[in-house]
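Structure assessment
Spelled out, the chains give:
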Amino acid sequence: MNKIVKDALVLTAITMISGLALGSVYEITKEPIAKQEELTKQEAYKTVLSEADSFEELEIAGTDGADIPAAAGYSAQEITGAAAALDSSGNTIGYVYTVVTSEGYSGDITFTMGILSDGTVTGIEMLSISETAGLGMKAAEDEFKSQYVNKKVDKFEYTKSGATAENQIDAISGATITTNAVTNGVNAGIEYFKATEGGN
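Below: a short report on this structure. Because the structure is a prediction, the values reported are computed rather than measured.

**Considerations on the sheet that holds strand E5 (residues 121-128)**
- Ordered by their spatial adjacency, five strands build an open sheet running E1-E2-E3-E4-E5, and the pairing between neighbours is antiparallel. A strand with exactly one partner marks an edge of an open sheet, and here the two such strands are strand E1 (54-57) and E5. Each strand of the sheet is rotated relative to its neighbour by a mean of 30°, with strand direction disregarded.
- Taken together, the four bridges between E1 and strand E2 (residues 77-86) define a ladder with antiparallel strand orientation. Note that in E2 the partner of Ser-54 across the bridge is Leu-86.
- Against the sheet, helix H4 (residues 176-195) makes contact with E2, strand E3 (92-104), strand E4 (107-116) and E5, and its axis sits at roughly 45° relative to E4, the strand it touches most.

**A few points about the layout of surface pockets**
- Considered as a void within the structure, the largest pocket measures approximately 160 Å³ in volume.
- Every residue along the wall of the largest pocket is listed here: Lys-138, Glu-141, Glu-143, Phe-144, Gln-147, Asp-170, Ala-171, Ile-172 and Ser-173.
- A breakdown of the residues in the lining of the largest pocket according to their chemical character gives three nonpolar, two polar and four charged.

**A short note on the pattern of salt bridges**
- If you walk through the whole model with that rule in mind, you get four salt bridges.
- For the salt bridge of Asp-154 with Lys-194, the shortest nitrogen-to-oxygen distance reads 2.7 Å. Of this pair, Asp-154 sits in the loop between helix H3 (142-145) and strand E6 (157-159) while Lys-194 is found in helix H4, placing the two residues 40 residues apart along the sequence.
- Its relative accessible area of 54% is what places Asp-154 among the exposed residues.
- A salt bridge links Lys-194 to Glu-191; its shortest N-O distance comes to 3.2 Å.

**Concerning the nonpolar core**
- Counting 30 residues, the largest nonpolar core has Tyr-97, Met-113, Tyr-148, Val-182 and Val-186 as its most contacted members.
- Going through the elements one at a time, E2, E3, E4, E5 and H4 are the ones with two or more residues in this core.
- Looking at this core, the element that brings in the most residues is H4, giving six residues.
- With near-sequence residues (within four places) excluded, Val-182 lies in contact with Ile-109, Phe-111, Ile-124, Met-126, Ala-139, Phe-144 and Tyr-148.
- If you look at the next biggest cluster of nonpolar residues, it comprises eight residues, including Val-48, Phe-55, Ala-85 and Val-96.

Conventions we followed
- Residues numbered from 1 in each chain as written.
- Predicted model: local features only at pLDDT ≥ 70, side-chain atom pairs only at ≥ 80, totals over all residues.
- Heavy atoms only, no water.
- Pairing = 2+ DSSP bridges.
- Helix = DSSP H or I, 4+ residues; strand = E, 2+ residues; numbered from the N terminus.
- Axes fitted to C-alpha atoms, helices over the stretch in contact; angles between N-to-C directions.
- Contact = heavy atoms within 4.5 Å.
- 1 Å grid on protein atoms, 1.4 Å probe; cavity = no way out; pocket = protein on both sides within 12 Å on 5 of 7 lines; lining within 4 Å.
- Points joined across faces, edges and corners; volume = space filled by probe spheres on them.
- Nonpolar A, V, L, I, M, F, W, Y, C, P; charged D, E, K, R; others polar.
- Salt bridge = Lys/Arg side-chain N within 4 Å of Asp/Glu carboxyl O.
- Buried < 20%, exposed > 50% of the residue type's maximum accessible area, 1.4 Å probe, protein only.
- Core = buried A, V, L, I, M, F, W, Y, C linked by side-chain atoms within 4.5 Å.

Now the structure itself:
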């Protein structure tokens, strides 16, 4: 009986020490991780709207970032971040949004998109994507992403037969689900822009 009690006390002590150690590691790494995430986000902002000198974080409109996209028919999309893009004089020249689309083949796809004050989409940059290698992962390549750059359209659509219009995107061969997810995500961002900043 004493051996059982002793073993239990030893296990309890090991568990407590492990818990304290993990807690300490979390506290030590929490701030550097947060800083790295912020740096990654700022770099993505600069990538999608390079004309900006700085960015000013904005509150998400509505009760959450899914309200406006859902109202426009994009219920699988959510705006999780927004910032005004400022020039060197502090004037707003556009906006950047962080978009999450849950329609990806392998789950959520998160990206940043830029849009000028006149409604021109300036680009997209992937923050998190885990689609099929050689297929859906091509959405993270410039060849695909560049199709959205410097386009002022009401909404994008994808085609499998070759884009012939300003609003058309060439679908990734063998990855139309990924193409659809990203395209709907960009369209959700356009709708958010139109309903907030673009509607002013």
